[in-house]
Amino acid sequence: KLVLILAAAMLMVPAFAQKLSKEEKAAAAKAAYEAALESINNKTWVLVPEYYTTQSGEFESNSNNDNFLSCEKEDCFSQGYICCDNDKTNIATPTEYDVKVDKKGNVKIRIVVAGRFWRGTYTISMKNNGNMADVTFNPVNGNTRKFTGPIVPLTGASYNKRSNPI
C-alpha cells in the first residue's frame, strides 16, 4: 500500500508544478498586456517586429531592431522596409490615433500618418492575453506591410532609432 501511495504522490507532483507554470505564464501575459495598454493610451510605446510577411507572402523572422514603429507622445516614428516601405527614419504627427478596447479586452488601434516620405494607415490588433500585436500598414503609395511583434513601453524597449528623422 505504501508503495502505491508514494507512486501516486510522485505522479501528482509534476502535474501540480505544470499547473503552477501555467498560472505564472498567465500572470506574466496579463502584466505585459496591462503595460502595453497603458503605454498605448499614453502614446509611449514601441513595436519591433518579430515576424513579417514578405512581398511573396512568406513569413520571415526579424532580428534587426532597426525596424520599428513607435509613438512618442505627439509624434510617431517608423523605420525600415518592414514597417514603412522605405529605409528612412520617418516622423509624423498622426492625423488620427484611435484606440478601441472591446468587452473582451482586445485592443484595436488605427493610426493615420502623413509625413514627408511616409503616408498611410496602420491598423493594429492586440488580444487581451499578452502584448503581441498584428500590424497592417496600408501606404497611400507602395506595398502593404504586415508584421507582428510585442508592444512595449518606451522605457523598457530595445530599438535603434537613427538620428535626423524626416
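These figures come from a predicted structure and were not determined experimentally.

Rules used in this analysis
Residues numbered from 1 in each chain as written. Predicted model: local features only at pLDDT ≥ 70, side-chain atom pairs only at ≥ 80, totals over all residues. Heavy atoms only, no water. pLDDT = per-residue confidence, 0-100. Helix = DSSP H or I, 4+ residues; strand = E, 2+ residues; numbered from the N terminus. Contact = heavy atoms within 4.5 Å. Phe/Tyr/Trp six-rings, centres within 6.5 Å; stacked < 30°, edge-to-face > 60°. Buried < 20%, exposed > 50% of the residue type's maximum accessible area, 1.4 Å probe, protein only. Lys NZ or Arg CZ within 6 Å of the ring centre and 35° of its normal.

1. Notes on the confidence of the model for the protein chain
Argument step 1. The pLDDT averaged across the protein chain works out to 89; a share of 88% of its residues lies at or above 70.
Argument step 2. Taking the mean pLDDT of every element in the protein chain, the minimum, 73, falls on helix H1 (residues 2-42) and the maximum, 98, on strand E7 (residues 96-101).
Argument step 3. Considering only residues more than four positions removed or in separate chains, one finds that residues 1-10, a stretch of pLDDT under 50, has zero contacts.

2. A closer look at the packing of aromatic side chains
Argument step 1. Taken as a whole, this structure holds three aromatic pairs when the rule is applied.
Argument step 2. When the ring of Trp118 is compared with that of Tyr122, the centres are 6.1 Å apart and the planes differ by 65 degrees; the resulting orientation is edge-to-face. Exposure class is identical for Trp118 and Tyr122. Each is buried.
Argument step 3. Ring geometry for Tyr122 versus Phe137: centroids 4.3 Å apart, planes at 20 degrees, classification stacked. Residue Tyr122 is located in strand E9 (residues 119-126), and its partner Phe137 is located in strand E10 (residues 132-139); the two are separated by 15 residues in the primary sequence.
Argument step 4. Assessed through its relative accessible area of 0%, Tyr122 is described here as buried.
Argument step 5. Each residue in the set Trp118, Tyr122 and Phe137 is aromatic and connected to the rest through ring pairs, giving one cluster.
Argument step 6. The ring of Tyr97 is capped by Lys43, whose NZ or CZ atom sits 4.7 Å from the centre of that ring.
Argument step 7. Between the NZ or CZ atom of Lys161 and the centre of the ring of Phe77, over which it lies, the distance is 3.9 Å.

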